[in-house]
Every structure is written in C-alpha cells, then in structure tokens.
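Coordinates in review
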Amino acid sequence: MLPVSKTFGPDAVRAAMALGLRRFGENKVQEIRDKAAALSDASIEWVVIGHLQTNKAKDVARLASEVQSLDRLELAEALHRRLEIEGRSLDVLVQVKTAREDTKSGLPVEDLPIFLQRLQAYPTLRVRGLMTLATLSEDAEEVRACFRQLRELRDRSVAAGHALPRLSMGMSADFPLAIAEGATEVRIGTAIFGRRS
Ligand SMILES: *Cc1c(COP(=O)(O)O)cnc(C)c1O
C-alpha cells in the first residue's frame, strides 16, 4: 500500500510514520519540497504519482525515490539528464491511460511496446511496472475493465521480455476491484488521511 499524503501537512505524515509508514505518494513536486524540508530529520521515500512537467525534473531527481507517472519520452529524457548530474537513479512506473475520460493523463495503450523499448536508452530509470487510474464510474465492471487491461498489458510486456513486476492500481474508492485484478500496490489517500478539502 502506498499512502497518499497530498494536501495533508507534515503532522499527518508524522502520525502515519508512527504507524510504520515510510513511503508517501504526492502529486505536486512543490508539496514534496515543502514536506521534505519540514521533515528533513525523518527518513522518507517520496513517490511522485501526479502529472509531471519536465521543468520539475531537477527537484524530482534530487528529492524523489520513485515516479509512478512517467508517460512520455520528453519526461524520461529530462529526468535522466538530471539524474546523471545527481549521480542517482529512480524507480519508475509507466502510467498508462486505461480510462475513457479525456482529462486523465497517461500513455496511450497502443504506444506502450515502443515506449518500453525506448526507455532502455535511459539507464538511470529503473522501469519496474505500470500504473493506471481507472475510469470514474458507478459501474464496477467498467472500473474493473481498466484494471484488467493494465494487467493484460503487463503480461504481454513480460512476454516480450520486459521485467515489470509491479502493478500500481486502485485508490480508496476502487481498491478491492484492483486487487481482484492483480494489483501489487494500491494508492490510498482518503481512506487513511480523511477527505481532502
Ligand atoms: C490522490 C490520488 C490517489 C489517492 O486517492 P484517494 O481516492 O484519496 O485514495 C491515488 N492515485 C493518484 C494518482 C492520486 O492522485
């Protein structure tokens, strides 16, 4: 489980740490900067789960331990350049767009095979798996179909020779469906920290 602490302050993160949690998901780089500064005494792994602009690559390379929202080559290139400067590497998941809404970011499904091949040019990026956000729907079958699609994409990619053990899918409202479809990791905000204002 990846606890998602976005919009909650350092005190909430400390309270979660008292329960043994050490990795936290955030969707804004500025928020990671602020919290990392406020919690500089603590050993925390920050995980980027939100849409990333390339001009944030420098901070990400410095502060994050993982990016789950890698969705385009331009971003891979920017992260790789910065990581080389920092002498670091990063675990990454490729975010795939399985939802039908236009607003959801992510790589188009059909682009995944070539994208995975091209990522091999960036050795600072350790590609560990896939991530998705399901369609927002009351219809459980429609939500579940998104998760199933991600698992099938992973299986096909593994058959094509890529090592992709991780599937990050499912949030507070839909994680049981994601687990049923093979999630190795669920991203939980509201159900841990309460509702965001
Ligand atoms: C906010 C967020 C979550 C957590 O959502 P909840 O519904 O609060 O559990 C998970 N994944 C991403 C990408 C998010 O932005």
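Look a little higher up for the structure.
This text gives an overview of the structure that appears in the document.

The rules behind these values
- Residues numbered from 1 in each chain as written.
- Predicted model: local features only at pLDDT ≥ 70, side-chain atom pairs only at ≥ 80, totals over all residues.
- Heavy atoms only, no water.
- Near = heavy atom within 4 Å.
- Polar contact = N/O pair within 3.5 Å; in protein donor to acceptor, adjacent residues only side chain to side chain.
- Areas by Shrake-Rupley, 256 points an atom, 1.4 Å probe, with all protein chains shown as cover.
- Nonpolar A, V, L, I, M, F, W, Y, C, P; charged D, E, K, R; others polar.
- Phe/Tyr/Trp six-rings, centres within 6.5 Å; stacked < 30°, edge-to-face > 60°.
- Helix = DSSP H or I, 4+ residues; strand = E, 2+ residues; numbered from the N terminus.
- Buried < 20%, exposed > 50% of the residue type's maximum accessible area, 1.4 Å probe, protein only.

1. Concerning the site of the ligand
Taken together, V4, K6, I49, M171, S172, R187, I188, G189, T190 and R196 make up the full set of residues near the ligand. A distance of 2.8 Å separates a nitrogen atom of the ligand from a polar side-chain atom of R187. A total of 390 Å² of accessible area belongs to the ligand in isolation, and the protein chains cover 90% of it. Class assignment for the residues of the shell around the ligand results in 4 nonpolar, 3 polar and 3 charged.

2. Section: the packing of aromatic side chains
With the rule as written, the count across this model stands at 2 aromatic pairs. The interplanar angle of 25° and the centroid separation of 5.5 Å between the aromatic rings of F8 and F193 together place this pair among those described as stacked. Of the two residues, F8 is situated in the loop between strand 1 (2–3) and helix 1 (10–18) and F193 in helix 8 (residues 190–193); the sequence distance between them amounts to 185 residues. Side by side, F8 and F193 carry an identical accessibility label, which is buried. Both rings, one in F24 and one in W46, keep their centres 6.2 Å apart while their planes meet at 45°; by these two values the pair is tilted. Placement of the pair is F24 in strand 2 (residues 23–26) and W46 in strand 3 (residues 45–48), with a sequence separation of 22 residues. No difference in accessibility class separates F24 from W46, as the two residues are buried.

That is the geometry; function is a separate question.
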